[in-house]
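# Coordinate inspection notes
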Amino acid sequence: MLSGLKILLAGRNPSKAREIAATMTPLGISVVSLDEIDPDGKILTPEETGDTCAENARAKANYYAAATGQPALADDSGLVVDALGGAPGVRSARFAQENFPPHASRADIDKANNAKLLGELSGIDEEKRTARFVCCLALSDGQNIIAEASGVLEGVIARKPRGHNGFGYDPLFFIPEMGRTTAELSAEKKNEISHRGLAVRKFAAMLKEMLEKDKNSCLK
Ligand code: IMP
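Residues numbered from 1 in each chain as written. Predicted model: local features only at pLDDT ≥ 70, side-chain atom pairs only at ≥ 80, totals over all residues. Heavy atoms only, no water.

## Let's talk about the overall build of the chain
- From N to C terminus, the chain includes 6 helices and 7 strands.
- When the elements of the chain are put in sequence order from the N terminus, they spell out β-α-β-α-α-β-α-β-β-β-β-α-α.
- Whereas a compact globule of 220 residues would reach a radius of gyration of roughly 17 Å, the chain reaches 18 Å, a difference of no more than 12%.
- Its C-alpha atoms put the chain at 55 × 40 × 25 Å along the principal axes.
- When burial is assessed residue by residue, the chain has 43% of its 220 residues classed as buried.
- For the chain, contacts bridging at least 24 residues in sequence account for 61% of all contacts bridging at least 6.
- When the accessible surface of the chain is totalled, it reaches about 11100 Å², and 52% of it is carbon and sulfur.
- Here the chain contributes 28 positive and 30 negative side-chain charges, whose respective centroids are spaced 3 Å apart. (Helix = DSSP H or I, 4+ residues; strand = E, 2+ residues; numbered from the N terminus. Rg over C-alpha atoms; globule rule 2.2 N^0.38 Å. Buried < 20%, exposed > 50% of the residue type's maximum accessible area, 1.4 Å probe, protein only. Contact = heavy atoms within 4.5 Å. Areas by Shrake-Rupley, 256 points an atom, 1.4 Å probe, with all protein chains shown as cover. Lys, Arg positive; Asp, Glu negative; His and termini not counted. Charge placed at Lys NZ, Arg CZ, Asp CG, Glu CD.)

Below, the structure is given as structure tokens:
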């Protein structure tokens, strides 16, 4: 039913794109990256001004769908740390912005963000280091948001980085039941349990239902 469907992935984070594509493709939905459509970066990255990840996902999806004329799926995600009152939350990507070197690479950004997180939690005991990854997905047809889904993964913030897989805060995000950080999981295992994997599977089920109900959908 979903076979042949192509959705533009609204954003330029290659790690997110890989994770979303790995879950979507086996379900018959192909993902086109923004870089494929706009290799020269003519479409500017919008500022993220929302107070929640759902708001940011909706704004990004509407922006990129309007800019490209294609249905666009946006992922806005982040890390919510209880001992920091929910920070970095919607500011996860730019948490340590003041420490980013000029022309910072993604690796520089992840390093600075992780260092700041460890610093802010330095005096905090084990049982108070609880946190969760949150992922919000929104699909826009250029005018309206036509589907949304979200997912959450619970864990605790480790005292030092472990593992080299994944991206962002993965080396510090420890899952007690697995005895590993998400950076120590294979890509397949992370997708099976992650906030993003969960959100994408919910989203795909929703999309399937929508397409079955509306045979004239703009997505066909
Ligand atoms: P945004 O959705 O582009 O605003 O950025 C989300 C930020 O949250 C990323 O840059 C990462 O720092 C963090 N993040 C989101 N999902 C993950 C994940 O699966 N692993 C590690 N960090 C993540």
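## Some points on unusual backbone geometry
- Backbone torsion omega between Ala87 and Pro88 reads -5 degrees, so that peptide bond is classified as cis.
- Tracing the backbone through its elements, the reader meets Pro88 in the loop between strand E3 (72-81) and helix H4 (106-120).
- Here His103, not a glycine, exhibits a phi torsion of approximately 55 degrees, which is positive.
- The topology assignment puts His103 in the loop between E3 and H4.

## Structural notes on the site of the ligand
- The immediate surroundings of the ligand are formed by 17 residues, with Lys16, Ser77, Asp170, Lys190 and Arg196 found nearest.
- Between Asp170 and the ligand, the recorded distance is 2.9 Å, taken from a side-chain N or O atom to a nitrogen atom.
- Taking His195, its side chain carries an N or O atom lying 3.1 Å from an oxygen atom of the ligand.
- Within the complex, the protein chains bury 93% of what would otherwise be the 490 Å² of accessible surface of the ligand.
- Its atoms largely coinciding with the cavity grid, the ligand occupies the largest pocket.
- When residues of the shell around the ligand are traced back to their parent elements, those giving at least two are E3 and helix H6 (195-213).
- At 4 residues, E3 tops the list of elements feeding residues into the shell around the ligand.
- Looking at the shell around the ligand, its residues break down into 4 nonpolar, 5 polar and 8 charged. (Near = heavy atom within 4 Å. Polar contact = N/O pair within 3.5 Å; in protein donor to acceptor, adjacent residues only side chain to side chain. 1 Å grid on protein atoms, 1.4 Å probe; cavity = no way out; pocket = protein on both sides within 12 Å on 5 of 7 lines; lining within 4 Å. Sits in = over half its atoms within 2 Å of the grid points. Nonpolar A, V, L, I, M, F, W, Y, C, P; charged D, E, K, R; others polar.)

## Some thoughts on the pairing of strand E4 (residues 130-140)
- Most of E4 is tucked away, with 10 of its 11 residues classed as buried.
- When E3 meets E4, the two strands line up antiparallel, connected through 10 bridges. Of the residues in E4, the one forming a bridge with Ala74 is Ala138.
- The pairing of E4 with strand E5 (residues 145-157) spans 11 bridges and is classified as antiparallel. Residue pairing across strands places Thr130 opposite Val156, the latter belonging to E5.
- In textbook terms, the turn of a hairpin is the stretch between consecutive antiparallel strands, and for E4 and E5 this stretch comprises 4 residues, one of which, Gly142, has a positive phi near 110 degrees. (Pairing = 2+ DSSP bridges.)

## Details of the packing of helix H1 (residues 14-24) against H6
- Between H1 and H6, the shortest axis-to-axis distance is 9 Å and the interhelical angle comes to 45 degrees. With respect to each other, H1 and H6 are oriented oblique. As for the relative orientation of H1 and H6, their crossing is right-handed in sense. Contacts between H1 and H6 involve Lys16, Glu19, Ile20, Thr23 and Met24 from the first element and Arg196, Gly197, Val200, Arg201 and Phe203 from the second.
- Within the contact of H1 with H6, the residues separate by chemical class into 4 nonpolar, 2 polar and 4 charged. (Axes fitted to C-alpha atoms, helices over the stretch in contact; angles between N-to-C directions. Parallel < 35°, antiparallel > 145°, perpendicular 65-115°, else oblique. Left-handed = near helix turned anticlockwise from the far one by under 90°.)

## A closer look at the layout of surface pockets
- By volume, the largest pocket amounts to about 1200 Å³.
- Going through the elements one at a time, H1, helix H2 (34-37), helix H3 (53-68), E3, H4 and H6 are the ones with two or more residues in the lining of the largest pocket.
- A breakdown of the residues in the lining of the largest pocket according to their chemical character gives 17 nonpolar, 11 polar and 14 charged.
- Here the second largest pocket defines a volume of roughly 240 Å³. (Points joined across faces, edges and corners; volume = space filled by probe spheres on them.)

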